[in-house]
Amino acid sequence: MQRWTASDIPDRGGSTAVVTGANGGLGLVTARELARHGARVVLACRDEQRGKEAETRIRAEVPDAELHLARLDLADLSSVREFARAHRSYTGGRLDLLVNNAGVMALPHRRTVDGFEMQFGVNHLGHFALTGLLLPDLLAAPAARVVTVSSFLHALANVDLHDLGSDSRYRRWIAYARSKSANLLFTHELSRRLYRAGRDVLAAAAHPGYAATNLQTAGPRMEGRRSAERVMELGNRLLAQPAEAGALPVLFAATAPGARPDGFYGPGPLGLRGAPRKSWRAPWTRDDTAGELLWAASERLTGVGYGASGI
C-alpha cells in the first residue's frame, strides 16, 4: 500500500462500475481513473448538465473511455428506484463495482423529497437503498465490490438511533458526522452479512482526508454566508490536497488486491493528506448491535429490503 498511486490500479477491462456523484470532485476523478484502466463507467449524477460536462472532461483525457451518463437523485427514493430499474441498460447486465461517493456536507436544515433530514437521507439512506436494489447484480459478478465514502469527521458523533433525523436539535456538523458514522456502520454490517452468507462481494469504506471539493462551500453558499464561503475557499487553497489525491483511498478500496472486507482507507499518516493507507475509525462504527439496529431502521425507512438477496 505504501505510496500507492492511480498507476497501480489493476486492469479493469471487461468490468462495469457505477459511481454516484461522478459530476465533480472525488467522483469525477474516481470515474476517470476507472475508465482510464478499462472499466465501463456509469456516471450517476443528480445534475444532468454537470454530468454532461464531467463526461466531456473525462473523454478529453481518456478518449476511448466507455461511459454512460444516468440521472440519480439520492434525495428522492423514487429516483433511486428508477435508476435501479434502468441500470441494466447502462451496465449491460453486469455490475462489478458500486462506489457510493455522492454526498452533502454541513447544510442548513433541509429535508429530502421523502421527508428525511437531508444529510442522513442523501449520505446514508439513499446509498443504502441504492446498494440494496443493485445487490443482485453485484452478487452475480465475480469478486464485486461496494465502496462507500465516509469522512474522518465521522469521529465527531455517533449515530443517534433514537433521533436519526436530528429532529430534537439540528446541528449541521453533528448531523454530517452522524451520517458519515452511518456510512461506516452500514459498511460494517453489510460486510458481516456478506461473510455470513458466504458471498464473494467485498464491502469497504474510504475517506479523502481534507480534499478540495465543492462540498465545503455548498452549505455557506446556500445560506448566502459569503464570509464563511470565503473561509472554506481559503482553507481549500492553503490546506487541502487536490481531488486527484483525495480520490486515491477510494480507488484503493475499489481496486487494490490488498483491500480487505470492512476496511477503512484514507490518506496517511495523520488522515488529512498523503498516500492511501488503513485509517483509524471510531469504535462505534464496528458495533454489531448498532449495525443491526441501523440496518433494520434503514430498511423500514427506505422500504428496501435485502432479504431477497440472501444476506
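Along each chain, the written sequence defines residue order, and numbers are assigned to residues from 1. Residues qualify for local features only when their pLDDT is at least 70, as the model is predicted, and side-chain atom pairs are given and counted only at 80 or more; totals for whole chains, interfaces and linings, by contrast, use all residues. Each side-chain value is worked out from all heavy atoms of the structure, with water and hydrogens disregarded.

## Structural notes on the layout of surface pockets
(1) Moving on: Of the grid points, spaced at 1 Å and generated over the protein atoms alone, those admitting a 1.4 Å probe that cannot get out make up cavities, while open sets with protein on both sides within 12 Å along at least five of seven lines make up pockets; any residue with an atom within 4 Å of a point is treated as lining. Grid points are joined across faces, edges and corners, and a volume is the space filled by probe spheres set on the points. Of the voids in this model, the second largest pocket is the one considered here, and its volume is about 290 Å³.
(2) Moving on: Lining the second largest pocket are 19 residues, and of these Ala 143, Ala 144, Arg 145, Asp 200 and Leu 202 lie nearest its centre.
(3) Moving on: Counting from the N terminus, the helices are the DSSP runs of H or I reaching at least four residues and the strands are the DSSP runs of E reaching at least two. If you list the elements that add at least two residues to the lining of the second largest pocket, you get strand E5 (144-149), helix H5 (172-196), strand E6 (201-206) and helix H9 (248-255).
(4) Moving on: When residues of the lining of the second largest pocket are assigned to their parent elements, the largest contribution, 3 residues, is made by H5.
(5) Moving on: Charged means Asp, Glu, Lys or Arg here, nonpolar means Ala, Val, Leu, Ile, Met, Phe, Trp, Tyr, Cys or Pro, and polar covers whatever is left, Gly included. Taken together, the residues of the lining of the second largest pocket sort by class into 11 nonpolar, 3 polar and 5 charged.

## Focus: the pattern of salt bridges
(1) Moving on: Salt bridges, as used here, are contacts in which a Lys or Arg side-chain nitrogen is within 4 Å of a carboxyl oxygen on Asp or Glu. Within the structure shown, the criterion is met by 19 salt bridges.
(2) Moving on: The partner of Asp 288 in a salt bridge is Arg 192, and the shortest N-O contact between them spans 3.5 Å. Taken together, the positions of Asp 288 in helix H10 (residues 288-302) and Arg 192 in helix H5 put the pair 96 residues apart, joining distant regions of the chain.
(3) Moving on: Per-residue accessibility, obtained with a 1.4 Å probe over protein chains only, is compared with the maximum for each type, and a residue is labelled buried under 20%, exposed over 50%, and partly exposed between these values. A relative accessible area of 35% means that Asp 288 is categorised as partly exposed.
(4) Moving on: Connected via shared salt-bridge partners are Arg 32, Glu 33, Arg 36, Glu 61 and Glu 244.

## What about H10?
(1) Moving on: With 15 residues, H10 extends 21 Å from end C-alpha to end C-alpha; this agrees with the ideal 21 Å at 1.5 Å per step.
(2) Moving on: Among all positions in H10, only Ala 290, Gly 291, Leu 294, Trp 295, Ala 297, Ser 298 and Thr 302 are buried.
(3) Moving on: Any two residues whose heavy atoms approach within 4.5 Å at even a single point are treated as in contact. As for H10, its buried residues are in contact with helix H3 (77-91), helix H4 (118-140) and H5.
(4) Moving on: Sitting at the amino-terminal end of H10 is Asp 287, which places a side-chain oxygen 3.0 Å from the backbone nitrogen of Thr 289.
(5) Moving on: Once H10 ends, the next one or two residues include Gly 303, with phi positive near 75 degrees. Take the residue count of a helix, subtract one, and multiply by 1.5 Å to get its expected span. Under the rule applied, a polar contact is a pair of N or O atoms within 3.5 Å (in protein, one hydrogen donor and one hydrogen acceptor; residues adjacent in sequence only if both atoms are side-chain atoms).

## With respect to the sheet that holds strand E1 (residues 16-20)
(1) Moving on: Pairing within the open sheet is mixed, and its 8 strands lie in the order E3-E2-E1-E4-E5-E6-E7-E8. Both outer strands of the open sheet, strand E3 (66-71) and strand E8 (276-278), are each paired with one neighbouring strand and no more. On average, adjacent strands in this sheet sit at an angle of 20 degrees to one another, irrespective of strand direction.
(2) Moving on: Strands pair, by our definition, only if DSSP identifies at least two bridges between them. Examined bridge by bridge, E1 and strand E4 (residues 97-100) share 3 bridges and lie parallel to one another. What sits directly across from Ala 17, in E4, is Leu 97.
(3) Moving on: Orientation is described by lines fitted to C-alpha atoms, with helices fitted over the stretch in contact, and by angles between N-to-C directions that extend from 0 to 180 degrees. This element, helix H1 (residues 25-36), spans E1, strand E2 (40-45), E3, E4 and E5 of the sheet and lies at about 170 degrees to E1.
(4) Moving on: Lying on the sheet, H5 is in contact with E4, E5, E6 and strand E7 (264-267); it crosses E6 at an angle near 160 degrees.

Interpretation note: all reported values are geometric properties and have no functional meaning in isolation.
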